[in-house]
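Residue-level structural notes
Given next are the chains, with one letter for each unit.
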Amino acid sequence: MGEIEGTYRVLQTPGTRLGSPTPTGVSTLEPGQTLSVTAARASARMQEKHLHIRVKLLDNTVEIFDIEPKRDGQMLLTQVWRRLNLTECDYFGLEFQHPRSYWIWLEPMKPIIRQVRRPKNALLRLAVKFFPPDPGQLQEEYTRYLFALQLKRDLLEERLPCTDTTAALLASHLLQAEIGDYDETLDREHLKANEYLPSQEHSLEKILEFHRKHTGQTPAESDFQVLEIARKLEMYGIRFHTASDREGARINLAVSHMGVLVFQGTTKINTFNWSRVRKLSFKRKRFLIKLHPEVRGPYQDTLEFLLGSRDECKNFWKICVEYHTFFRLLDQPKAKAKAVFFSRGSSFRYSGRTQKQLVDYVRDSGVKRVPYERRHSKTRMSIRALTADLPRQSISFTEGLRTSASPSSTNASFYSVPTSPLAPRGPPDFKDSSSSLTEPQAPDAKRPAAERSSGAAADGDTRWAQSPGPPALQPCQGVGLGLPQPSPTTRKSPLSLSPASQVTLGPTGQSLSPLLSPVLSHVGGARTDSEEQPKHKSMAADEAYFIAKEILATERTYLKDLEVLTVWFRSAVVKEDAMPADLMTLLFSNIDPIYEFHRGFLREVEQRLTLWEGSSDTHVPGGHQRIGDILLRNMHQLKGFTSCFQRHDEVLTELEKATKRLKKLEAVYREFELQKVCYLPLNAFLLKPIQRLLHYRLLLGRLCTHYGPAHPDHADCHDALQAITEVTSTLQHSLARLENLQKLTELQRDLVGIENLITPGREFIREGCLHKLTKKGLQQRMFFLFSDMLLYTSKGVTGSSHFRIRGRLPLCGMLVEEGEHERSVPHCFTICAAQKTVVVAASTRLEKDKWICDLNTAIDAAKSRSGQSLVLPGSVVCMPPSRCMEEVSPEQESEDARSSRGSLEGQGQPRANTTVRVCWYRNTSVSRADHSAAVENQLSGYLLRKFKNSNGWQKLWVVFTNFCLFFYKTHQDDYPLASLPLLGYSVSVPKEADGVHKEHVFKLQFKSHVYFFRAESK
């Protein structure tokens, strides 16, 4: 072996003789070199082992992060999230630019030096990676602020194409968020120094015009409006990847929450939903989409697109994999095991949390909101901003059913504060891991008591001064976007758009001590279990709190119902110029003032519920845990609208006459009723204002029953109950006439073969399904009982939703006999009219008793009326007069069906959840008394729904009205996702065999259809 070369320093050893000279050895330093210089160079070599990576944030500031070169991208991401104190971090990512100018996302599971070429010189930038379809799913204000900055960047980079008007509107909200209320001089200076849009000078005046309308709007509101407007644009969240199809045509591919999108230019030409896609893959430059055989339709089994290079193709494939996992899966997929010898295909998997996991984490963990700094904000707030409340924000399925956080945990986060006066709480605790990002833990810092008290006091005595009379109707104005103009009542909203792009808002938010109602948005106030449990128990013991929450929830639904008329229907008739001016004035001069009043009432209730949940002064006079003072003041103000309520009868009558007289208005009316937003018959929305008064009376009665006479809120609730009772007593007869007129109008459209069903003196009594005995046996028929006649009908031609008149029996001289013992048919009875006798059978004994009772009552009433003619005002047109009382043969029925088919063309298919159709298919009946009782028992709120054979619970906003449950994703949605007619269903508590072991659960069942719903309280 060869010798090892080197120099060694001689050390003093125990065996060295005392007094001998110490050998100096051989020095390893270069001539002129000292130990200090050597140490400095060693330190420099150590520093070279760390990369100084620059990251450009969304506010255009550049931060530098020290990372070891061999560490995975997750380490850098973790440092960015920690420095930003970002909770909903999974929506974001870091991107860097490829030499070919397309952007690539930094992969968390891959070393940085294997992804970024020359990382010392690279500039990564923070960007939104996943765009949710609804900004209400973003639970933190800070997250919405970052999303607004992303959209600002997209506007400037022309990645969010839209009309000039929409771009100016977006820029005006961004301007409001940064510099505050409108000041022409300062606005022009700011716009001169800062660019929001390409060629901004051309849209300068539009931006200033829109900004003038945002006075008092807080930065948080402005961010929310930017998201609401942008999410309705077709290019929201779209990132193009240039490709070509098999024919060589140039196209653009993109991916979104719904699937893979194909664009030609900026026009979307196809969407491949995730449910249709069986497999996504790539082979060199070819991107392949394999569809399910049953849904591919005219397409081939596998679609092929050609991208610019293999790297571009693989990059797009990775983005598709991440989008699919984030939005479609409940849990992140497990990592694919690496092959020992050979591997085929990519092992890439999305490594973050899915949207469901992120939502559950933010909701269930103890993470509290923390203050953050708007670096470029120079907001100037007006006095108006200090006395108004926050915008109505979208509630997503992410909300928990428990009582949400108190203002002590929410106020600090819903406004921007500099970091110097108030140090932010400690950042979430991230563990260093190259493979996964640990969920942040709840910070320990608490808000000072003085700040909590000031937040409650700032708005505790706020009042809205409103005149008792209805405000004057203003001319219709709005923002022109090439779409129908909205209601003039929306002018007070920061945004005035047509229904296609409208965001309905409450007044502007507060600046110094904003209060976001936890009832309005549970998503931002999650607490630790130790904090939540006592609060939940105290609230559960107070029934008044849940009655107040019911008032709030139903008021939100009621305001949405009014918007069907004031916004959506108005836009439809204005666009087509289909309604005469006098009828427009009559209709909207009655509805608009009521709508404005309830907007103010809703704001007061929202703020009071916020203060209620955050205070502990349960029995302190003048405290916040009361609702009677607000109800008393507003019930007295409702008296000023009595004249508007009394004119509703005239409005409904004139509207019905106009639709019969004007074909254009009739076409618009019928077409509008087919829209999703009109989930009830249109004339049913006209009854909502008076029906809401009855609901107030019921809720106030429950409050008075709950409160004892000594309770400080009892006196106000009692006085409010007296006030609303006076109004409802005055309008009781008017409501009965309106409900009867509305029902007759609805039946007039459903029944074929009778004209002028709406006649003076005719009243609806009961409708339902009975089986009539004919020569062929028992045949299903739909019966309609009125105050002067009994009609029975059959279902129309296949595919039609109309019912054709089969017979008409006058009540005068009619007898009803129970003949069940004479026949073998159960639950049957005989109806003997003047010229005809029919035998019918009900589905149950209870149904039979209901029909016999109502028939006998109606017959007695018909006898007692003097001067009642036996000739009915309505005339049957589908049958000859000589056979108007007889059964029609099948041949005649088919002939009549063909003759009436032409009159039904072009009317569209009516909704399937009307009581007539539900009674037909469920074999049941509904009376006028049932309709009246349903009016007072309308409900709204969040429920958890579970199917019979499913494991998970789904959070939905549920509206109960017109014997039907309507399901929404959030209370801000304009139309329901689905509906469940309840006629025929039974309501019960789950049994042991159902396997549902949760509190506050009820069960709905019709035959084999079973649903479980979980409420917040009893």
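If you tally the helices and strands in the chain, you get 24 helices and 30 strands. Element-wise, carbon and sulfur atoms account for 52% of the exposed surface of the chain, whose accessible area totals about 46,400 Å².

Note that E178 resides in helix α4 (residues 164-179). Within the structure, E178 has its side chain in polar contact with the side chain of H190 (distance 3.3 Å). Engagement of the side chain of E178 in a polar contact is seen with the side chain of Y196, the distance being 2.7 Å.

Another aspect to go through is helix α9 (residues 355-364). The buried fraction of α9 amounts to 7 of the 10 residues, a majority that puts the element mostly inside the structure. Contacts from the buried residues of α9 go to α8 (310-328).

Ordered by their spatial adjacency, 5 strands build an open sheet running β2-β1-β5-β3-β4, and the pairing between neighbours is mixed. Looking at which strands have only one partner, the edges of the open sheet turn out to be β2 (62-67) and β4 (103-105). Strand-to-strand twist across the sheet, computed as the mean angle between neighbouring axes with direction ignored, equals 40 degrees. Inspection of the sheet shows strand β1 (residues 51-56) paired to β2 by 6 bridges, in the antiparallel sense. By the bridge assignment for β2, H52 is matched with D66. Contacts from helix α2 (residues 73-84) reach β1, β2, β3 (92-97) and β5 (123-128), with the element oriented near 135 degrees to β2. Where helix α3 (residues 141-156) meets the sheet, its contacts fall on β1, β3 and β5, and the angle it forms with β5 comes to roughly 115 degrees.

The end-to-end C-alpha distance of helix α17 (residues 648-661) is 20 Å, a good match for the 20 Å that 14 residues give at a rise of 1.5 Å each. Residues H648, D649, V651, L652, L655, E656, A658 and T659 constitute the buried set of α17.

Time to look at the sheet that holds strand β7 (residues 250-255). Across the sheet, which stays open at both edges, the 7 strands sit in the order β9-β8-β7-β6-β12-β11-β10 with antiparallel pairing between neighbours. Edge positions in the sheet fall to β9 (267-273) and β10 (277-283), since each of these pairs with one other strand and no more. Ignoring strand direction, the axes of neighbouring strands in this sheet form an average angle of 30 degrees. Across the sheet, α8 is in contact with β6 (241-244), β7, β8 (259-264), β10, β11 (286-291) and β12 (302-307); its angle to β10 comes to roughly 155 degrees.

The subject of this paragraph is the packing of helix α15 (residues 628-638) against helix α20 (residues 714-750). Contact pair α15 / α20: the axes reach a minimum separation of 8 Å and the direction vectors enclose 20 degrees. Comparing their axes, α20 and α15 come out roughly parallel. Note that α15 runs across α20; the crossing there is left-handed. For the pair α15 and α20, contact is made by G628, D629, L631, L632, M635, H636 and L638 and by D716, C717, D719, A720, A723 and I724, respectively.

This paragraph deals with the side chain of Q137. Relative to the helices and strands, Q137 is located in the loop between β5 and α3. For Q137, a relative accessible area of 1% corresponds to the buried category. Among the polar contacts made by the side chain of Q137, one reaches the side chain of Q355 at a distance of 2.5 Å.

What follows is about the pairing of strand β17 (residues 789-795). Side-chain direction in a regular strand flips from residue to residue, so the side chains alternate between the two faces of the sheet. Within β17, 7 of the 7 residues are buried, which leaves it mostly tucked inside the rest of the structure. With 4 bridges joining them, strand β16 (residues 777-786) and β17 adopt antiparallel strand pairing. Bridge pairing links F784 to L791 in β17. The hairpin formed by β16 and β17 contains 2 residues between the paired strands. Across 7 bridges, β17 lies against strand β18 (residues 803-810) in antiparallel orientation. Across the sheet, K795 pairs through a bridge with F803, a residue of β18.

At their nearest, the axes of α17 and helix α19 (residues 682-706) sit 10 Å apart, and the two run at 175 degrees to each other. Classified by the interaxial angle, the pair formed by α17 and α19 is roughly antiparallel. Across the interface between the two elements, H648, V651, L652 and L655 from α17 touch N683, L686, L687, P689 and I690 from α19. Partitioned by chemical class, the residues of the contact of α17 with α19 number 7 nonpolar, 2 polar and no charged.

This part covers the pattern of salt bridges. Under the definition given, this model contains 44 salt bridges. R633 serves as the salt-bridge partner of E604, at 2.3 Å between the closest nitrogen and oxygen. Of the two residues, E604 is situated in helix α14 (residues 581-614) and R633 in helix α15; the sequence distance between them amounts to 29 residues. Between K663 and E666 there is a salt bridge, with the nearest N and O atoms lying 4.0 Å from each other. One end of the pair, K663, and the other, E666, are both in helix α18 (residues 663-673), 3 residues apart, so they sit about a helical turn from each other. Here E666 falls in the partly exposed class, since its relative accessible area comes to 22%. Among the charged side chains, a network of salt bridges with common partners joins R608, R626, D629, D713 and D716.

Glancing now at the nonpolar core. Formed by 99 residues in total, the largest nonpolar core has its most connected members in L76, F92, F287 and I289. Residue contributions to this core peak at 9 residues, all from α8. If near-sequence neighbours (up to four positions away) are discounted, F92 is found in contact with L58, W81, L86, L126, A127, V128, K129, T143, L146 and F147. Among the nonpolar cores identified, the runner-up in size contains 85 residues, and M579, I630, L699 and L741 belong to it.

For the rest of this paragraph, the subject is the confidence of the model for the chain. The predicted coordinates ought not to be read in detail in places where the model reports low pLDDT. Model confidence for the chain is summarised by a mean pLDDT of 74, while 69% of its residues fall at 70 or above. Per-element confidence in the chain is highest for strand β26 (residues 964-968), whose mean pLDDT is 93, and lowest for helix α10 (residues 407-410), whose mean pLDDT is 34. The low-confidence segment residues 1-20 (pLDDT under 50) makes 5 contacts with residues lying over four places distant or belonging to another chain. In the predicted structure, residues 380-541 sits below a pLDDT of 50 and forms 433 contacts with residues beyond four places in sequence or in another chain.

Among the secondary structure elements, R278 is positioned in strand β10. Note: C-alpha distance between R278 and H292 (14 residues apart in sequence) is 5.3 Å. Once residues lying within four places of it in the same chain are set aside, the contact partners of R278 are K290, L291 and H292.

Now for the packing of aromatic side chains. Given two aromatic rings, one states the distance between the centres and the angle between the planes to describe the pair. By the definition in use, this model includes 34 aromatic pairs. Relative to F966, the ring of Y679 lies with its centre 4.7 Å away and its plane at 65 degrees, an arrangement referred to as edge-to-face. Of this pair, Y679 sits in the loop between α18 and α19 while F966 sits in strand β26, and the two are 287 residues apart along the sequence. By relative accessible area, which is 2% here, F966 ends up buried. A network of ring pairs unites the aromatic residues Y91, F92, F130, F131, F147, Y236, Y323, F326 and F327 as a single cluster. The side chain of R570 reaches across the aromatic face of F588, ending 4.1 Å from its centre. The residue whose ring lies beneath K795 is F803, and the NZ or CZ to ring-centre distance is 5.7 Å.

Turning our attention to the pairing of strand β25 (residues 954-961). Of all 8 residues in β25, 6 are buried, a share of seventy percent or more. Looking at chain direction, strand β24 (residues 939-947) and β25 are connected through 7 bridges and run antiparallel. If you follow L939 over to β25, its bridge partner there is F960. Taken together, β24 and the strand that follows it, β25, pair antiparallel across an intervening segment of 6 residues. With 5 bridges connecting them, β25 and β26 associate as antiparallel partners. Looking at the pairing, V959 lines up with F966 of β26. Between β25 and β26, which pair antiparallel one after the other, the connecting turn spans 2 residues, and N962 there sits at a positive phi close to 55 degrees.

What follows covers unusual backbone geometry. Look at E158: it is not a glycine, yet its phi comes out positive at around 60 degrees. Considering the arrangement of structural elements, one finds E158 in the loop between α3 and α4. Residue classification places E158 among the exposed residues on the basis of a relative accessible area of 61%. Positive phi, normally seen in glycine, also occurs at S199, with a value near 55 degrees. Overall, the relative accessible area of 42% leaves S199 in the partly exposed class.

In this section: the environment of G807. Turning to its location among the elements, G807 is positioned in strand β18. What makes G807 buried here is its relative accessible area of 0%. Residues G807 and L791, 16 residues apart in the sequence, show an inter-C-alpha distance of 5.9 Å.

What counts, and where the lines are drawn
- Residues numbered from 1 in each chain as written.
- Predicted model: local features only at pLDDT ≥ 70, side-chain atom pairs only at ≥ 80, totals over all residues.
- Heavy atoms only, no water.
- Helix = DSSP H or I, 4+ residues; strand = E, 2+ residues; numbered from the N terminus.
- Areas by Shrake-Rupley, 256 points an atom, 1.4 Å probe, with all protein chains shown as cover.
- Polar contact = N/O pair within 3.5 Å; in protein donor to acceptor, adjacent residues only side chain to side chain.
- Buried < 20%, exposed > 50% of the residue type's maximum accessible area, 1.4 Å probe, protein only.
- Contact = heavy atoms within 4.5 Å.
- Pairing = 2+ DSSP bridges.
- Axes fitted to C-alpha atoms, helices over the stretch in contact; angles between N-to-C directions.
- Expected span 1.5 Å × (residues − 1).
- Parallel < 35°, antiparallel > 145°, perpendicular 65-115°, else oblique.
- Left-handed = near helix turned anticlockwise from the far one by under 90°.
- Nonpolar A, V, L, I, M, F, W, Y, C, P; charged D, E, K, R; others polar.
- Salt bridge = Lys/Arg side-chain N within 4 Å of Asp/Glu carboxyl O.
- Core = buried A, V, L, I, M, F, W, Y, C linked by side-chain atoms within 4.5 Å.
- pLDDT = per-residue confidence, 0-100.
- Phe/Tyr/Trp six-rings, centres within 6.5 Å; stacked < 30°, edge-to-face > 60°.
- Lys NZ or Arg CZ within 6 Å of the ring centre and 35° of its normal.

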